[in-house]
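Observations on the model geometry
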Amino acid sequence: MRESPLQTHVITPGMRVARVIYGSVNILLGLFVPFFRPFNGPGDALFLLLFGLVFVLYGLYLVLNSFFYRLEVGEGFIRRVGILGQREIRLENLEGYEGVKRRGVLFFREKGRRRALTVFLNLTDQDGLLDWARTHGKDLVQVRAEEETDKISQDERLGTNPEDRKAALGKIKRLWKFVMPAFLVMFFWGWVHPKPYLFFTGLWVLFPWGVIFLIHYFPAYFRLNAPSNSPYLPVDMLISMPGFFLAMRALLDWHVLDWTHFWAPFGAITLSLWIAALTLVPRENWKNKSSALLFGFICAVYGSGATVLLNGTLDRGAWMTYPTTLLDSRFSGGKTASYYGTLKPWGPVTETKEWRISRWDYENKTPGAPVTVYVKPGALKIPYYFIR
């Protein structure tokens, strides 16, 4: 027989309205996406249809689940009920909970199961739910922080006694409060205005390697995947941000002509960084296999950007020029503007095709105007082009 709950928490009215609006926007976007002009010319209709279907389904889920979702707690269980089903954890199997109120989420852990029961704190009577969690379960984040603090206090690399070790860690933390913002300012400066270009390219390429060696040689201070109240200094952002900056700059600044020779250096760079991290970073930095796999994805983003930028910035080959004619041009909006032009066949290209062009060409050249395609072989044999 199903037990009746002592407390039932539903989504707050304000959050329900926000979720309905957000879900409706997703549904409308999904309905209109198939009618957008294809991103890279004809042939993308099926992709756009599937892409739109994902938006519609996600929007429907948000709207409907806003009315069906509830969280039930009792003396012997916690139960989450939603449109896709329910999940219950018996109190005797509850290992504890993770998360804090300012993050807006709680993760209830069940013994013997890797997947947590996730609860977002946009529910009625949040304080009552938090009181129930504190009464019936352990704060696993606090438990882990206390274990790590005990471990640091016994680490002889920080000093000969607990007081010296605590003082050494405190000194590094005070210094880190100034170092970390300086790094962030430098990263974003390089993103908005990457001048000198070679300096920022080299910085982003080398930085993840430097962070890996930092964790390897100073494991008593730095940690990947550190919880919010961990005594260790978290460096996740420093190792992930450069890869995303590299990938975005590669997308915006370099136009690859042929991807055939891209995959070998991409695989080598990605795997070398991933293997180095798994080998040099102490095992306790990896919570589980999922965190190691997620870092593999970060390495792939880094590898894609690093391959394209190194291919272009290290290239010393000669330019090859091919005159052709602009047949049409278009603009693609979004978070970053892109411009495309349809060109007559040129050089090794034997068909009329759409290519990325500059904003200046889009605004100043009309259909029928002559243009020139400039091609270089690339340091890694990945040819790239510019059109003027």
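Reading the values: the criteria
- Residues numbered from 1 in each chain as written.
- Predicted model: local features only at pLDDT ≥ 70, side-chain atom pairs only at ≥ 80, totals over all residues.
- Heavy atoms only, no water.
- Pairing = 2+ DSSP bridges.
- Helix = DSSP H or I, 4+ residues; strand = E, 2+ residues; numbered from the N terminus.
- Axes fitted to C-alpha atoms, helices over the stretch in contact; angles between N-to-C directions.
- Left-handed = near helix turned anticlockwise from the far one by under 90°.
- Contact = heavy atoms within 4.5 Å.
- pLDDT = per-residue confidence, 0-100.

Things to note about the sheet that holds strand β7 (residues 117-120)
Across the sheet, 3 strands lie side by side as β5-β6-β7; this open sheet has antiparallel pairing. On the outer flanks of this sheet lie β5 (94-98) and β7, each paired with one strand and no other. Neighbouring strand axes in the sheet, compared pairwise and without regard to direction, differ in orientation by 20° on average. Alignment of β5 against strand β6 (residues 105-110), held across 4 bridges, turns out to be antiparallel. Within the sheet, the bridge partner assigned to Tyr 97 lies in β6 and is Phe 108.

Considerations on the pairing of strand β13 (residues 370-376)
Looking at chain direction, strand β10 (residues 320-332) and β13 are connected through 6 bridges and run antiparallel. Note on β13: the bridge partner recorded for Met 320 is Val 375. As paired elements, β13 and strand β14 (residues 384-387) share 4 bridges and run antiparallel to each other. Looking across to β14, one finds that Val 375 is bridged to Tyr 385.

A closer look at the packing of helix α6 (residues 197-217) against helix α9 (residues 289-313)
Following both chains from N to C, one finds α6 and α9 inclined at 145°, their axes separated by 11 Å at the closest point. Crossing hand, α6 versus α9: left-handed. Residues Tyr 197, Leu 198, Thr 201, Trp 204, Val 205, Pro 208 and Trp 209 of α6 pack against Tyr 302, Ala 306, Leu 309, Leu 310 and Thr 313 of α9.

So, the confidence of the model for the protein chain
Averaged over every residue, the pLDDT of the protein chain is 83; the share at 70 or more is 93%. Across the protein chain, the secondary-structure element scoring lowest on mean pLDDT is helix α4 (residues 140-153), at 75, and the one scoring highest is helix α8 (residues 263-280), at 95. Scored below 50 in pLDDT, residues 38-43 shows 13 contacts in the model against residues more than four places distant or in partner chains.

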